[in-house]
Amino acid sequence: RRVHGDHCRAILVGVGNTPTLAHLASATHTAITALKSTKQTSADLVLPTLALPTDKVLATVTTISILSEYRDNAHCTTPKPVPLQGLHLVTTAQEGSEAIVEDSQHVANAVNYARALGNTRGDVGTPLYYQQLATQLCEHPDLTCSVVDGLAEKGLSMFHAVGQAATEPPRLVLIEYRGAGDTPFELVFVGKGVTFDTGGLNLKPTGGIESMHMDMHGAATVMGVLQAIAALRLPCNVVGAVCLAENAIGPNALKPSSILTSLKGLTVEVGNTDAEGRLVLADAFTYVQRKYQPKYLIDFATLTGAMIVALGHHVCGYFCHGDRLATAITEAAARAQEPVCRLPLMEEYAQEVKGASSDLVNSTKTRAAGSCTAAAFLHCFVEPDVQWAHFDIAGVAMNPRQRQYHPKGATGAGVRLGVELVRNLLNK
């Protein structure tokens, strides 16, 4: 609400008779969009009195206000919309309000950071480019960064093979957050960071290749989570493993039918070079489990088009092999307002990725249950005592068009969920 001379200008947005936090998020986006259409640069935002927890109302409005501001327009030469300079929240809540707003700002800014990474085009966003951004991220005093390169010599042969045709070699970037002193790293996030995915010699067709600069969104999500938890200064120790490779074509490209030996020692026949993400992740899994012996291993990856067929762009499918972890994920997803759906890990799917000339194959002969067989493949590289969850974010991370506060292009999916998972698992 703003007073202009003798006039009072107000935007009224309804939230329905029995509003949920999702309704409130939608209404907040509508209000911000309407406000920007007036070319106002500041306003008072009066929070409604609802039968919802006040802290959740305040967090939702703050977060969605910031997410609604994001635009992928850095390369547009036409005049850009003037960003909001000040949004003043008016609420009856008193104790702890400022801390809730500040924390929500940190998380929302991390989502927008992941969006910006995901929208970086492949000619700029190379493995070295994202390594440099990770180094910049680690200017925070509680974050440190190290790089694992020379992957073939270190036994990460599958990871290396995916990026061996590119002009820049693949690498594994490890971002360590220490918020709890010298205690062990109990949780490791792993992000698929294929900076551009041509499909390799099993080349992607027109219509499927143009958005493949976003095939590194899993890495963007992990970097966003680490930025957020560092800004929040959560009292825990967490690792983000960022797997960077470009799946290029060229004289040195990985060939279909090649048989590779993984870091774990299992052999894998490459049935399709466009099923590359699981090769990268599998070697990274082995490396981080040996290095950190984590209790939890959580990966984010734009892994399969089959997930888009299954759940579209509204819900993230995930797999995990423990009901206790699944319960924690359900709770975290509800708090983050990122809908998820657990999909099955069954022995029948594991049988489908068994090889004849090798231990495993990286793709099956049919298109049936593609997300499930991909998860079954990854499961082969998880140690029995590690609690693992795999989020296939292919649908929710890459939007073909804008959906309210989820922009077209990279959405930052998984960042809020990842932060809530850290709080749930390690910060009780």
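Residues numbered from 1 in each chain as written. Predicted model: local features only at pLDDT ≥ 70, side-chain atom pairs only at ≥ 80, totals over all residues. Heavy atoms only, no water.

Caption draft 1: Structural context of the sheet that holds strand β14 (residues 360-361). Strands sit in the order β9-β10-β14 across an open sheet of three strands; the sheet is mixed. At either end of the open sheet lies a strand with only one pairing partner, and these are β9 (259-261) and β14. Here β9 runs beside strand β10 (residues 267-269); their pairing, made up of three bridges, is antiparallel. The residue of β10 that forms the bridge with isoleucine 259 is glutamate 269. (Pairing = 2+ DSSP bridges. Helix = DSSP H or I, 4+ residues; strand = E, 2+ residues; numbered from the N terminus.)

Caption draft 2: Just the sheet that holds strand β13 (residues 340-342), in detail. The sheet built from eight strands is open, its strands ordered β5-β6-β8-β7-β11-β15-β12-β13 with mixed pairing. Looking at the sheet topology across the chains shown, the edges are occupied by β5 (143-148) and β13. Strand-to-strand twist of the sheet, defined as the mean angle between neighbouring strand axes without regard to direction, takes the value 20°. Two strands pair when backbone bridges link them, and strand β7 (residues 187-197) and strand β8 (residues 237-247) are joined in this way by nine bridges, in the parallel orientation. From the neighbouring strand, valine 188 faces β8, where its bridge partner is valine 239. Taken strand by strand, helix α4 (residues 127-137) contacts β5, β6 (171-178), β7 and β8, and its axis lies near 10° from that of β6. Of the strands in this sheet, β7, β8, β11 (296-301), β13 and β15 (387-392) are in contact with helix α13 (residues 415-426), which crosses β11 at around 175°. (Axes fitted to C-alpha atoms, helices over the stretch in contact; angles between N-to-C directions. Contact = heavy atoms within 4.5 Å.)

Caption draft 3: Molecular detail of the nonpolar core. Grouped together as the largest cluster of nonpolar side chains are 69 residues, with contacts concentrated most on Ile175, Phe189, Met223, Ile229, Ile298 and Phe391. For this core, the leading source of residues is helix α6 (residues 217-232), giving ten residues. Discounting residues that sit within four places of it in the chain, methionine 223 has contacts with Tyr113, Leu117, Tyr130, Leu133, Ala134, Leu137, Ile175 and Val242. Within the second largest apolar cluster, 42 residues are counted, among which are Val148, Phe159, Ala161 and Val280. (Core = buried A, V, L, I, M, F, W, Y, C linked by side-chain atoms within 4.5 Å. Buried < 20%, exposed > 50% of the residue type's maximum accessible area, 1.4 Å probe, protein only.)

Caption draft 4: View of the packing of aromatic side chains. Under the counting rule described, the total for this entry stands at seven aromatic pairs. Considering the side-chain rings of phenylalanine 285 and tryptophan 388, the 6.3 Å spacing of their centres and the 70° angle between planes classify their relative orientation as edge-to-face. Separated by 103 residues along the polypeptide, phenylalanine 285 in helix α7 (residues 277-292) and tryptophan 388 in strand β15 bring together distant segments of the chain. Taken together, the ring pairs connect Phe189, Phe300, Tyr318 and Phe391 into an aromatic cluster. (Phe/Tyr/Trp six-rings, centres within 6.5 Å; stacked < 30°, edge-to-face > 60°.)

Caption draft 5: Structural detail: the side chain of glutamine 131. Along the chain, glutamine 131 falls in helix α4. A relative accessible area of 17% means that glutamine 131 is categorised as buried. Excluding anything up to four places from it in sequence, glutamine 131 contacts Val147, Arg171, Val173 and Leu244.

Caption draft 6: Just the packing of helix α3 (residues 97-118) against α13, in detail. As a packed pair, α3 and α13 sit with axes 9 Å apart at the nearest point and diverge in direction by 135°. Viewed along their axes, α3 and α13 adopt a mutual orientation that is oblique. Judged by residue contacts, Asp103, Val107, Ala110, Val111 and Ala114 of α3 engage Val415, Arg416, Val419 and Arg423 from α13. Here the contact of α3 with α13 is composed, by residue class, of six nonpolar, no polar and three charged. (Parallel < 35°, antiparallel > 145°, perpendicular 65-115°, else oblique. Nonpolar A, V, L, I, M, F, W, Y, C, P; charged D, E, K, R; others polar.)

Caption draft 7: Focus on the side chain of glutamate 420. Within the secondary structure, glutamate 420 sits in helix α13. Those residues in contact with glutamate 420 that sit more than four places away from it in its chain are Ala332, Arg335 and Ala336.

Caption draft 8: Local environment of helix α11 (residues 370-379). With nine of ten residues buried, α11 lies mostly within the body of the structure. All of the buried residues in α11 are Gly370, Ser371, Cys372, Thr373, Ala374, Ala375, Ala376, Phe377 and Leu378.

Caption draft 9: Representation of the confidence of the model for the protein chain within the structure. Looking at the protein chain, the pLDDT average stands at 92 and 96% of residues meet or exceed 70. Here residues 1-6 is a poorly scored stretch, pLDDT under 50, and it has 14 contacts once near neighbours within four places are set aside; other chains count. (pLDDT = per-residue confidence, 0-100.)

Caption draft 10: Region of the structure containing helix α1 (residues 21-37). Here α1 is 17 residues long and its end C-alpha atoms lie 24 Å apart, about the 24 Å a rise of 1.5 Å per residue gives. For α1, every residue scored as buried is listed here: Leu21, Leu24, Ala25, Ala27, Thr28, His29, Ala31, Ile32, Leu35 and Lys36. If you follow the buried residues of α1, they end up packed against β3 (42-46), α2 (54-67) and β4 (86-90). Lysine 39 sits one or two positions beyond α1 and adopts a positive phi of about 65°. (Expected span 1.5 Å × (residues − 1).)

Caption draft 11: Molecular detail of the pattern of salt bridges. In the structure shown here, the tally under the stated rule is ten salt bridges. The salt bridge partner of glutamate 276 is lysine 192, with a shortest N-O separation of 3.2 Å. With glutamate 276 in the loop between β10 and α7 and lysine 192 in strand β7, this pair connects stretches of sequence that are 84 residues apart. With respect to class, glutamate 276 is no different from lysine 192; both count as buried. When the shortest N-O distance is used, the salt bridge between aspartate 274 and lysine 204 registers 2.9 Å. Remark: lysine 204 occurs in the loop between β7 and α6 and aspartate 274 occurs in the loop between β10 and α7; sequence separation between them is 70 residues. Each member of the salt-bridge network shares a partner with another, and the members are Lys192, Asp215 and Glu276. (Salt bridge = Lys/Arg side-chain N within 4 Å of Asp/Glu carboxyl O.)

Caption draft 12: Spatial organisation of the environment of glycine 193. Assignment of secondary structure puts glycine 193 in strand β7. In the structure, glycine 193 is positioned 63 residues away from tyrosine 130 in sequence and 8.9 Å away in space, judged by C-alpha atoms.

Caption draft 13: Fine view of the pairing of strand β12 (residues 316-320). Counting buried positions over the five residues of β12 gives five, a clear majority of the element. Neither face of β12 is left uncovered, since the one carrying Cys316, Tyr318 and Cys320 and the one carrying Gly317 and Phe319 both have all their residues buried. Following the chain from β12 across helix α9 (residues 323-336) to the adjacent parallel β13, one finds a crossover that is right-handed. With four bridges connecting them, β12 and β15 associate as antiparallel partners. The residue of β15 that forms the bridge with phenylalanine 319 is histidine 390. (Right-handed = clockwise from strand over helix to strand, strands pointing away.)

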